[in-house]
Amino acid sequence: DNTPGGATSSINIPCGGGEVIDDLDVLVQISHSWVGDLQVRLTKVGGASELIVDRPGVPDSTFGCSGDDIDATLDDEAALPIEDECGGGVPTIQGEFIPGDPAGSLLASFDGDDLCGDWELNVVDNAGGDTGTLTQWCLMAGGGGTGPGDVPATTTVGIVLMALVLLGTSVFFLRRRVTN
């Protein structure tokens, strides 16, 4: 779409359980024919905001990774950075990766926050010519488990806060390729 604001998907996690985040991972599935165009930002409304995917392959390649699709879990404890990933298959980025560029413990900025509240995932396509869809995203949170309602630290809470299968309300991205 080559629009600076991109598209945002929002979810609300009802309060009441007192869950405190000790570790946060983010699953992102995006269908797009040039993943090097994409930036993905996770925001806890009223709290932290982190750019968790920043145009994979840029600046090593001016246009970034030319492969199709992302099916990744972003986890601060993963072994490899997402920014260096550009496989030959589809999805071109698949597996578990450290978020950010440079890669780092970006998701740790949400540690200590309440899980409840409004969350947003913003996807920006930074060039025109290709289209794509944010297929699904979810948060997976673990907690300290010390207080009433806290999530036990030994449990990775597979709270699928958003299994956003965008059927009739697909979020599209457009990319226009300039050829010489």
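Residues numbered from 1 in each chain as written. Predicted model: local features only at pLDDT ≥ 70, side-chain atom pairs only at ≥ 80, totals over all residues. Heavy atoms only, no water.

## Regarding the overall build of the chain
Going by this rule: Counting from the N terminus, the helices are DSSP H or I runs at least four residues long and the strands are E runs at least two residues long. With a 1.4 Å probe rolled over the protein chains alone, any residue whose accessible area is under 20% of its type maximum counts as buried; one over 50% counts as exposed, and the rest are partly exposed. We call two residues in contact whenever any of their non-hydrogen atoms come within 4.5 Å of each other.
A count of helices and strands for the chain gives zero helices and nine strands. The order of α-helices and β-strands along the chain, N terminus first, is β-β-β-β-β-β-β-β-β. Out of the 180 residues in the chain, the part that is buried amounts to 47%. Partitioning the intrachain contacts of the chain with sequence separation of at least 6 by distance along the chain shows that 73% fall at a separation of at least 24.

## A look at a negative patch on the surface
What counts, and what does not: Put simply, a patch holds well-exposed residues, over 30% relative accessible area, that have no salt bridge, with like charges counted together within 9 Å and Val, Leu, Ile, Met, Phe, Trp or Tyr side chains within 5 Å. Areas reported as accessible are Shrake-Rupley estimates using a 1.4 Å probe. Residue values count occlusion only from the protein chains shown. Salt bridge criterion: a side-chain nitrogen from Lys or Arg within 4 Å of a carboxyl oxygen from Asp or Glu. Within this scheme the basic residues Lys and Arg register as positive and the acidic residues Asp and Glu register as negative, but His and the chain ends are omitted. Note that the charge is assigned to NZ on lysines, CZ on arginines, CG on aspartates and CD on glutamates.
There is a patch of like negative charges on the surface, built from Asp-22, Glu-77, Glu-96 and Asp-111. Residue Asp-111 is classed as partly exposed on the basis of its relative accessible area of 32%.

## Describing the sheet that holds strand E1 (residues 7–13)
Where we set the bar: For two strands to count as paired, DSSP must find a minimum of two bridges between them. Only the contacting stretch of a helix is used when fitting its axis, a line to C-alpha atoms as for every element, and angles between N-to-C directions run 0 to 180 degrees.
Across the sheet, which stays open at both edges, the four strands sit in the order E1-E7-E3-E4 with antiparallel pairing between neighbours. Single-partner strands in this sheet number two, and they are E1 and strand E4 (49–54). Here the strands of the sheet are splayed against their neighbours by 15° on average, with no regard to which way each runs. Strand direction decides the pairing type here: strand E3 (residues 38–44) and E4, joined by five bridges, are antiparallel. Paired with Arg-41 across the bridge in E4 is Leu-51.

## A short note on the confidence of the model for the chain
Spelled out, the test is: Note on scores: pLDDT gives the predictor's confidence for each residue, bounded by 0 and 100.
Mean pLDDT over the chain stands at 78; residues scoring 70 or higher make up 77%. Ranking the elements of the chain by mean pLDDT puts strand E9 (residues 172–176) last, at 35, and strand E5 (residues 70–74) first, at 96.

## What to know about the side chain of Lys-44
Note on placement: Lys-44 falls in strand E3. Lacking a salt bridge, the buried Lys-44 has Asp-113 as its closest oppositely charged neighbour, with an N-O distance of 5.2 Å. The contact partners of Lys-44, leaving out residues within four places of it in the chain, are Phe-110, Asp-113, Asp-114, Leu-115, Cys-116, Gly-117, Asp-118 and Trp-119.

## Re the nonpolar core
The criterion, for reference: Each nonpolar core is a collection of buried residues, namely Ala, Val, Leu, Ile, Met, Phe, Trp, Tyr and Cys, held together in the definition by side-chain atoms within 4.5 Å.
Counting residues in each nonpolar core, the largest one holds 32 residues, and the members touching the most others are Leu-42, Ile-52, Trp-119 and Leu-139. For this core, the secondary-structure elements that each account for two or more residues are E1, strand E2 (21–32), E3, E4, E5, strand E6 (93–97), strand E7 (117–125) and strand E8 (128–143).

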